[in-house]
Structures are given as C-alpha cells and as structure tokens.
Amino acid sequence: MIPMNHYLLLSAVMFIIGAAGVMTRRNAIIVFMSIELMLNSVNLTLVAYSAFLGDVTGQVLVFFVMAVAASEAAVGLAIIIALFRRKQTVNLDEINLLKW
Amino acid sequence: MIPYTPLLVLFPLVGFIFLGLFGSRLKNETLIGTIGSGMVGLSFLTAVAILVELLGMPAEGRKHIVEVFDWLSPFTDSAGSLAVPVSYQIDQLSVLMTLVVTGVGFLIHVYSIGYMHGDPGFWRFFTYMNLFIFAMLNLVLADNFLLMFLGWEGVGLCSYLLIGFWYEKKSTGDAAKKAFVVNRIGDFGFIIGMLLIFSTFGSLKFDTVFAGASVLSSGNTTILWITLLLFVGATGKSAQIPLYVWLPDAMAGPTPVSALIHAATMVTAGVYMVARCSLLYALAPTTLLVIAIVGAATALFAATIGLVQNDIKKVLAYSTVSQLGYMFLAMGVAAFGAGIFHLMTHAFFKALLFLGSGAVIHGMHDEQDIQKMGGLKKYMPATYRTFLIGAIAISGIPPLAGFFSKDEILWKAYSSEFGSPLLWGVAVLGAAMTAFYMFRLVILTFEGKERFDHHHLHPHEAPKSMTLPLMILAGLSIAGGWLGIPASLFGGNWLEHWLEPVFAPANRKLMLGGHEIHAIEYLLMFLSVAVAAAGIYGAWTVYRKRTEIAERLAVRFRTLYRVLFNKYYVDEVYDAAVVNPIVKVSNDYLWQGFDVTVIDGAVNGSASLVGRLAQVLRRLQTGVAQTYTIAFVTGILFVITWLLVQ
C-alpha cells in the first residue's frame, strides 16, 4: 500500500504548481487550467483520506467539487470567449477593468 | 397696577404682523393707512387712559410694574443669575414718553397716508413704522436694561430699514448702512455698560440696580465707567459728537421717517436713557461734566453747520443734532426735568418742521434745494403758517413751546451747581444761530422771489391728510410749553412737579435745593429772547431786505464758508482716519491676506494633501486580477506560517 505521505505530497506539489500558474501566467486559458489543477489537487487529498479512513464522505464531496468545477468551466470559458470578442486578446495584462 | 398696560405695546405689534403678512395683498391704500395709523391711535388712547388713571393717584404711588411674562428665567436660584422678565414700568417719565411717541407717531402716520400716496412700497412703509412704534414703546416702557436694549436695537433696525426705504438708489442704501454701523459703535458701549451693571449689581432691573446704587457714594469708579459707557451708547443713538455723522445722511429716507424717527422719538432715546438712569449719573459728577461739554459743543457745532446748508432737510437735520445737544446739556447740568421738557417740546415743533418740509418737497415735486424755491407762501399758505409757527417755537420766542424749555435749560446751564457761565454762553450763541438758520430757511423757502421754473413746476398745497397733522402739531408747538412755565413767570412748572418723583433719588444724591427766583434769571431770560430776536432780524436783513449781503459775506469769509458748507470736513476726516484704513486693512490683509491665504489655503490645502496621498495609494489598485491573487496567497502563507510557528 502506498503510504499516505505520498498522496499528500503529490497533492501539495499539484496545488503549488496550480497556484504559481494562476499568479504568473498571462494567458487566461492557462490560468483557467491552473485553477482546475488546484481543484484536482484538493480532490486527490479528499479521496486519499477517504480511502485511508474508510469514510465515503470525502468521495461524495469530490463529486460535488467535480460538478461545480464542470459548471465553473462552462461559465469561465464563456466569460473568456466574451472577453476575447470584445478585446481580441486573452492576455490578462491588458484586461484591467477592475482599476478605478 | 394697571392691567391693560400691555395693550400699549400690543396694538402696534398687531399692526406690524398683520401688515407684514397681508399688506402686499391689500391693494387698498386707505385700508393699509387706516390700519397702520389706527393701531398707533389705539395705543395713544390707551396711553391717555393710563395718564388719567395716574392723575387720580397720589404722586408717590404712580409707579407701577406690570409683568407680562418671563423672558429669561434664572438658571439657578442663587443671587447673580440672570433673570429678565418682559415687564413694563409705568411711571411719570415713561407715560410722558409714551404719550409723545404714540401721539406724535399717530399724527405722522396720518400724514404719511398722504405723503406716501402712490408709492409701490406703501404697505411696507406702514409695516416698518408700526414695528418702530412697537420697539420704541418697549424702549421707554421697559423696567430693565435688557428689554430697554431690545427696544434700543429694534428702533435702530427700523431706522435702518426706513432710511434705506427707497433701496433702489445706492446713496440711500449707503446712508442706511452708515446709520447702522455708527449706531453699532455706540451700542457696543451700551452693551459693555450693561454687562458692567450686571457684574456690579447682579441684576438688570432698574429697581434693583438703583436700590443698589443708592447706597454708594458719589465718585465711585465703577459707576463712572458704567455711566460713561452708557453715554457712549447715547451719543450713537442721539447723534452727539463724535457719532452724530449718521443723522444728516439719514435724511435720505422718506420725510415722515425723518420726522418720526430722526427728530421726534428715536434720537431722543439717549436723552431718555440718561434721565432714566439719573441716579447713576448723579453718582458720577465727572460723567455729568463730560455730558454737559459734549452737549454744549454739539449744540454749537451743529448750529454752525446748519447756517449754510441748502438742502431743506439737511438744515433741519443739523438743527435736530443741535437741539439734542441742548437736551444733553440739560442732563449734564443735572437738570433732568428740563431736558425731558425740551425733549417733549422739540418732538412737537421738530416733527412739525419736518412734516412741513415734507409738504414743501411734495408740493415742489421732490425739489429739496432751498436756493431753487422762494415765494412759496402764496402757493401753500397752510404749510407756510404752520412752518412759521414751528420756526418761531424752535427759535425760542415766548410764549411758544421752545422758549420755555430752552430757557429752562439755559438758566440751569448757568445756575446749576454743575453749570457755568461758559456753558451758558455757548448755549446762547447756539440759540442765536438756531433763530438765524431757521429764519434763513423760512425766508428762502417761502418769502422773496420765486427762483424756480414756472413753466415746468407748479407748486401746490398738500392734501388734507397732510395739512391736518401740521395744524395739530402747530397747536402743540404753541401750547406744549405751557406745561412747564417756570415760577419766575408765575407758572406752576407743572411738568417739573409731575416728573419730580422720578428724579427725586438723583436730586437727593446731588443735594440740589429748591428753585429760587433770582433777578439774574430775568436778565438771562431777556438776553436769550433778545439773541433769538437778533437772529431772526439778522436772517430777515440778510436774506430778505438786502440779499446781496449773503453773497458778499460768503465771498468775504470764503474759507470759513467753505469749511462750514463742507460740514467741517468731518465726514472726510472720518473716512481718512477710520473708514479707509479699516477698508484697506480688511481688503489687503484680512481678505487678500488672511482669508484667501490662511483660511482658503487651509481648506484647499487639506483637500490637495488628501489628493496627493491618494495619488500614491491608488497605485496599489492595478486592476489586474493576478496582483490581487498574489496578495491573497501571500496573506494565506503568512497566516499558515503564523499558525505553524505558534
């Protein structure tokens, strides 16, 4: 049996990669993918603990997360397409509408 | 106790409120005029009723205090906390003043119906006039200094409103402002004096203050300051040197206003105040001396200016200043009764003269220059006759009113303990000039050749509503003095006996004895009549018989003439010494300097400081979502580290 530590380490590495991607990448699609990566790292942790503790609650929660992530992907992609239509770019540096 | 006393004050107040609210909607001038004068007339009838009641009482029991309501309640029960009721004091002095104010006031109101006919501000005029009567009655009836001051300020306000009645013209607005500002200087003295009274006696009620003062000895320093400060207030309101400058300019207002406010009533408020506080003044001989000197100086000074003025109302204005000087001279030599007597007779004949001049101005279609009149007696006989009576009365020819009151002042200026032959001499010189300039005015206006353009100007007699008050006032100017015929002329001097209880405490302090008859009194009386007659004869010679003399004199004494004609350049001196420096300092330093730099600078500076700080801080808001993410993640990392370290 693979020890618990490995799952957690993998999950942490995935999360950090995702977070770094969100913070550093400029392409909106890549940032979006990084967010998915962070979500899945959390899913991995939940599933690992669920198996380890013999409690299915974690797995149920993972389904929830997947469902939410799917709908979020739909909405997010729609936003990105709308943005692209408007600005002809998905470069986040040029999308600074939040400023004053 | 006379329970209907408040009615005196209530009638004009009702008139003021009613006309103020609905006057503009009443299109009927007769109705407005009737309400305006009717209210004052009712007030006059109330005053007469009160007089009748007082006459039926013993001399010592004629003082009544009628409390209406508490105005300022005491804050604590301890002594020295301010308690001011609105309560009215009825006594011999205040009833006399009330009768003069409402009686003369009523006649002037009636006159105004004719004089103000057709003026677009007709209702406004009567509103202000009723407010004036209300304030003036508060002034003379108050039983404490604060209520008196309320009336004092109220009449000042009405004076301002009525001088500037024709506010479309800049000059009238300026005159109104000048009157208000100069009065403000005097009122400042009054306020300080009032505060000093309160801190000394712990009350503002006349009774309490005078009771406290009656145990003090003469020459008390505090009393000296109180009386001097109150007198500063009086110089402002009653147009004495050095604050008289506003009164001649106040003639910019309608003529009935000049008659009522700036001749008969308001300007005598200072004299009334000194008489009311006679006990305090009796304790301050130094102040009495100051008052006597100021009064005598003003009497002479204003008379000299009056000699050469050409505006019919200006001559009368300087004459008023001069006559007020006589009243203060009387106060200064502790002849309080004589001063009040002259106040009353002056109210009659000066109101008459002003209303007469108003009738002339009305008949001449707003011409005021006496050099452009002449020969008017043919056109306006009623005005001429009454005006002549007023002129004889003011000149001091017996048996008209002015003779008795002025002669009493002259005699007291000579014989009183505080008087001196010098004061008498100055006053007699002033009296001679009075007779001269009054008859110069009469002759240039009514006698001689007609110096106006016949083709364009058709002088006409004033309407009945104007001539009737003139005739009544002429009657009063003849008979008013008979109330105070001195013992030396086998009269009872009824007025002095009537007022005696009011001034008794002051006279006891001064230890003034009774009135004795001296041979010299007859001599002085003869002299004063002689100089008055000489003045009249002089005016007759110069302006009627040998008119070339006037021009020759003007050329011969060119410098003197010019100085007098320009009123001793006092206005120019005040402008240079006081007004312009204040304007300059206000403009250059207070406005451009302090206001613009410091005050506006502080406001604008704090705004631009916040703005500049925001310029720095707003760089934090990039608007790029990722920057916020970085801040967010950094925060989480910080929290996790902190939790772990703990």
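Residues numbered from 1 in each chain as written. Chains lettered and ligands numbered in written order. Predicted model: local features only at pLDDT ≥ 70, side-chain atom pairs only at ≥ 80, totals over all residues.

### A closer look at the packing of helix α3 (residues 92–115) of chain B against helix α4 (residues 122–141) of chain B
Residues and elements named next belong to chain B.
Thinking step 1. Interaxial distance between α3 and α4 falls to 9 Å at its minimum, and their mutual angle equals 170°. When the axis of α3 is compared with that of α4, the two are roughly antiparallel. For the pair α3 and α4, contact is made by Ser94, Met97, Thr98, Val101, Thr102, Gly105, His109 and Ser112 and by Phe125, Met129, Ile133, Met136, Leu137, Val140 and Leu141, respectively.
Thinking step 2. Residues belonging to the contact of α3 with α4 are distributed by class as follows: nine nonpolar, six polar and no charged. (Axes fitted to C-alpha atoms, helices over the stretch in contact; angles between N-to-C directions. Helix = DSSP H or I, 4+ residues; strand = E, 2+ residues; numbered from the N terminus. Parallel < 35°, antiparallel > 145°, perpendicular 65-115°, else oblique. Contact = placed C-beta atoms within 7 Å. Nonpolar A, V, L, I, M, F, W, Y, C, P; charged D, E, K, R; others polar.)

### Quick word on unusual backbone geometry
Thinking step 1. Following B:Ile241, the chain continues to B:Pro242 via a peptide bond in cis, the omega torsion being 5°.
Thinking step 2. When you line up the elements, B:Pro242 lands in the loop between α8 (221–237) and α9 (246–249).
Thinking step 3. Residue B:Pro398 is joined to B:Pro399 through a cis peptide bond whose omega torsion reads 0°.
Thinking step 4. Summarising the element assignment, B:Pro399 is placed in the loop between α16 (381–395) and α17 (401–415).
Thinking step 5. Phi angles above zero are rare outside glycine, and A:Gln88 is one such case at about 60°.
Thinking step 6. Inspection of the secondary structure puts A:Gln88 in the segment after α3 (57–87).

### Remarks on the interface of chain A and chain B
Much of the literature gives interface size as the accessible area that the parts lose upon coming together.
Thinking step 1. Contact with chain A, which involves ten residues of that partner, is made by ten residues of chain B.
Thinking step 2. For the side of chain A that touches chain B, the per-class residue count stands at seven nonpolar, one polar and two charged.

### A word on the nonpolar core
All names here are of chain B.
Thinking step 1. Counting 205 residues, the largest nonpolar core has Phe132, Met136, Leu329, Ala351, Leu355, Ala427 and Phe439 as its most contacted members.
Thinking step 2. Sorting elements by how many residues they give to this core places helix α18 (residues 421–446) first, with 18 residues.
Thinking step 3. Not counting residues within four places of it along the chain, the set of residues in contact with Leu355 comprises Ile108, Tyr111, Ala259, Pro469, Leu470 and Leu473. (Core = buried A, V, L, I, M, F, W, Y, C linked by C-beta atoms within 7 Å. Buried ≥ 20, exposed ≤ 12 C-beta atoms within 10 Å, placed from the backbone.)

### Some thoughts on the domain arrangement of chain B
Thinking step 1. What the domain assignment lists for chain B is domain 1 (168–564) and domain 2 (570–645).
Thinking step 2. For domain 1 of chain B and domain 2 of chain B, the distance between their C-alpha centroids amounts to 61 Å. (Domains from an automatic or database assignment.)

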